[in-house]
Amino acid sequence: MLDLSGYELTHEEIDILDHPLVGGLILFTRNYHDPKQLNDLIKHVRSVTRNHVVIATDHEGGRVQRFREGFSKIPAMGSISQKTNGNSQQSSYFCEQFGWLMAAELLAFDIDISFAPVLDIHGISEVIGDRSFHQQPDVIIQLASEFVKGMRRAGMSATGKHFPGHGNVLEDSHIAMPVDTRSLQEIFAVDMAIFKAIHQQGLLDAVMPAHVIYPELDDLPAGFSQKWIKQILRQDLEFDGVVFSDDLSMQGAVQMGGIVERAELALDAGCDMVLVCNDPTGAAKVIDGLPSNLALPSHSVERIKRLRKSSSLDLARLRMTDEYQIANKALDQFYAI
């Protein structure tokens, strides 16, 4: 999965998107000017790719929402329980409605997935912060489950991040290599229990591991660790969804070697798709450096196919539906509290 430089495709991007190893595209704020431009860009992408690429973005709400003008302003998930003073029923209702609204608007532009929800604890991590639903695992499980139910009602698959938990490390893995020195017992009982509980409800379609080292289990960051992905996630938790690497250009991945080596390690660890963002030279190196005959196992291909959206309404027709009116009324109610 790679990214684009601006509002329109360049000739180089058209060539690279058509490469057989490219299976996904992630969109950022720099790729959005207005709804018409976004619609035209995605139509162009679909027309030049031999693979039906999975188009993704980070649209969690709050400070992580890539498209703003023309889209509903989804609040930070951590603000929902606060605003309702911990009212469980009201918080759950808002989460389900906002999950639906976020997903429905993206699907209207032929975007397959948002990398959401964040399942990390609101702990000492500043980069997570109010992206997390709450400080308490049981509240996160409840609210995130409702958010995912809303996403799925709209027709979008859910990606839980950052497995097994990024909330209890201070360092930001975008610019540093975080190390979580807690015991496995605590990690399993607190952070990973959230992923486990939501997965056991059948609500997780994909997972994104953290660029965090948990030395009590492995000296490798979770996204490069066969112990975390193949043993804990696949075998112990029996997770059969997609595993996305986090961005291989982040500082938390750099110590794993060159960009091609990082991609190979992540794939060997059990990732189904690797992300190379904000580094077009690095993306080209990965495509050129991986074996030209590289073939994902058939089960990985099938997992990724399941993430593709089914048909959905365009934005104009979506806005005329009762569901859209109800969700926007909920949004107004939330901001009026």
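Residues numbered from 1 in each chain as written. Predicted model: local features only at pLDDT ≥ 70, side-chain atom pairs only at ≥ 80, totals over all residues. Heavy atoms only, no water.

Colleague: Would you mind showing me how to read the pairing of strand S2 (residues 54-57) here?
Modeller: A regular strand places its side chains on the two faces of the sheet in alternate fashion. Across the two faces of S2 the burial is the same, with Val54 and Ala56 and Ile55 and Thr57 all buried. In this sheet, S2 lies alongside strand S1 (residues 24-27) in parallel orientation, the contact comprising four bridges. If you follow leucine 27 over to S2, its bridge partner there is threonine 57. Running through helix H2 (residues 35-48), the crossover from S1 to the neighbouring parallel element S2 is right-handed. Of the strand pairs in this sheet, S2 and strand S5 (residues 113-114) are connected by two bridges, and their pairing is parallel. Each bridged residue has a counterpart across the sheet, and for alanine 56 the counterpart in S5 is isoleucine 113. (Buried < 20%, exposed > 50% of the residue type's maximum accessible area, 1.4 Å probe, protein only. Helix = DSSP H or I, 4+ residues; strand = E, 2+ residues; numbered from the N terminus. Pairing = 2+ DSSP bridges. Right-handed = clockwise from strand over helix to strand, strands pointing away.)

Colleague: Before we go on, may I ask you to explain the pairing of strand S6 (residues 159-163) in this structure?
Modeller: With respect to burial, S6 is a largely interior element, five of its five residues being buried. Of the pairings in the sheet, the one linking S6 to strand S7 (residues 206-209) comprises four bridges and is parallel in character. Bridge pairing in S7 places lysine 161 opposite methionine 208.

Colleague: Explanation requested: the environment of leucine 101 in the structure shown.
Modeller: Inspection of the secondary structure puts leucine 101 in helix H4 (residues 88-107). Owing to a relative accessible area of 0%, leucine 101 belongs among the buried residues under this scheme. Sequence separation between leucine 101 and glycine 23 is 78 residues; the distance between their C-alpha atoms is 26 Å. Excluding its chain neighbours within four sequence positions, the residues that come into contact with leucine 101 are Ser72, Ile74, Tyr324, Ala327, Asn328 and Leu331. (Contact = heavy atoms within 4.5 Å.)

Colleague: How do you make sense of the sheet that holds S2 when you look at a structure like this?
Modeller: Two orientations exist for strands paired in a sheet by backbone hydrogen bonds: parallel and antiparallel. Pairing is parallel in the open sheet, where three strands are placed in the order S1-S2-S5. The sheet is open, and its two edges are formed by S1 and S5, each paired on a single side. In this fold H2 packs onto S1 and S2, with an angle of close to 165 degrees to the strand it touches most, S1. (Axes fitted to C-alpha atoms, helices over the stretch in contact; angles between N-to-C directions.)

Colleague: Explanation requested: the sheet that holds strand S8 (residues 242-247) in the structure shown.
Modeller: The strand order S6-S7-S8-S9 describes an open sheet built from four strands, whose pairing is parallel. Of all strands in the sheet, those bounded by a partner on one side alone are S6 and strand S9 (273-275). Here the average twist between neighbouring strands, direction ignored, is 25 degrees. Against the sheet, helix H8 (residues 226-236) engages S6, S7 and S8, with an angle of about 145 degrees to S8.

Colleague: What is the right way to look at the layout of surface pockets in this model?
Modeller: Rolling a probe over the atoms, with the probe sized like a water molecule, indicates the empty space that remains. One number sums up the size of the largest pocket: a volume of about 600 Å³. What lines the largest pocket is a set of 25 residues, and nearest its centre among them are Pro20, Leu21, Val22, Gly23 and Leu296. Listing elements by their share of the lining of the largest pocket, those giving two or more residues are S9, helix H11 (280-289) and helix H12 (298-305). Residue composition of the lining of the largest pocket, by class: 18 nonpolar, four polar and three charged. (1 Å grid on protein atoms, 1.4 Å probe; cavity = no way out; pocket = protein on both sides within 12 Å on 5 of 7 lines; lining within 4 Å. Points joined across faces, edges and corners; volume = space filled by probe spheres on them. Nonpolar A, V, L, I, M, F, W, Y, C, P; charged D, E, K, R; others polar.)

Colleague: Hey, could you run me through H11 in this one?
Modeller: One turn of the α-helix equals 3.6 residues, which is why residues spaced by three or four share an orientation. Of all the residues in H11, the buried ones are Gly282, Ala283, Val286 and Ile287. The buried residues of H11 occupy one face: seen down the axis, they fall within an arc of 135 degrees. Among the exposed residues of H11, those oriented more than 90 degrees off its buried face are Thr281 and Asp288. Considering only its buried residues, H11 is in contact with helix H1 (11-17) and helix H10 (259-269). (Arc of directions from axis to C-beta.)

Colleague: So what exactly am I meant to see when it comes to the pattern of salt bridges here?
Modeller: One side chain can pair with another of opposite charge once the charged atoms of both are near each other. All chains considered together, the criterion is met by 22 salt bridges. The salt bridge partner of aspartate 180 is arginine 182, with a shortest N-O separation of 2.8 Å. By relative accessible area, arginine 182 is classed as buried at 14%. Via salt bridges that share partners, Asp58, Glu60, Arg66, Arg131 and Lys161 belong to a single interconnected network. (Salt bridge = Lys/Arg side-chain N within 4 Å of Asp/Glu carboxyl O.)

Colleague: Sorry, what's going on with the side chain of threonine 159 here?
Modeller: Relative to the helices and strands, threonine 159 resides in strand S6. When near neighbours in sequence (up to four residues on either side) are disregarded, threonine 159 contacts Ile113, Ser114, Phe115, Ala116, Pro117, Ala206, Val207, Met208 and Phe244.

Colleague: I'm lost on the packing of H10 against H11 in this one. Help?
Modeller: Between H10 and H11, the shortest axis-to-axis distance is 8 Å and the interhelical angle comes to 60 degrees. The angle between the axes of H10 and H11 places the two elements in the oblique class. The two elements H10 and H11 cross, and the hand of that crossing is right-handed. Where H10 approaches H11, its residues Ile259, Val260, Ala263 and Glu264 are matched on the opposing element by Gly282, Lys285, Val286 and Gly289. Class assignment of the residues belonging to the contact of H10 with H11 gives a composition of four nonpolar, two polar and two charged. (Parallel < 35°, antiparallel > 145°, perpendicular 65-115°, else oblique. Left-handed = near helix turned anticlockwise from the far one by under 90°.)

Colleague: Looking at this model, I keep getting lost on empty space enclosed by the protein. Mind explaining?
Modeller: Counted under the stated rule, the structure contains one cavity of 30 Å³ or more. Roughly 30 Å³ of internal volume is contained in the largest cavity. If you trace the largest cavity, you find it lined by Glu60, Met77, Ala116, Pro117, Val118, Arg131 and Phe147. Taken together, the residues of the lining of the largest cavity break down into five nonpolar, no polar and two charged.

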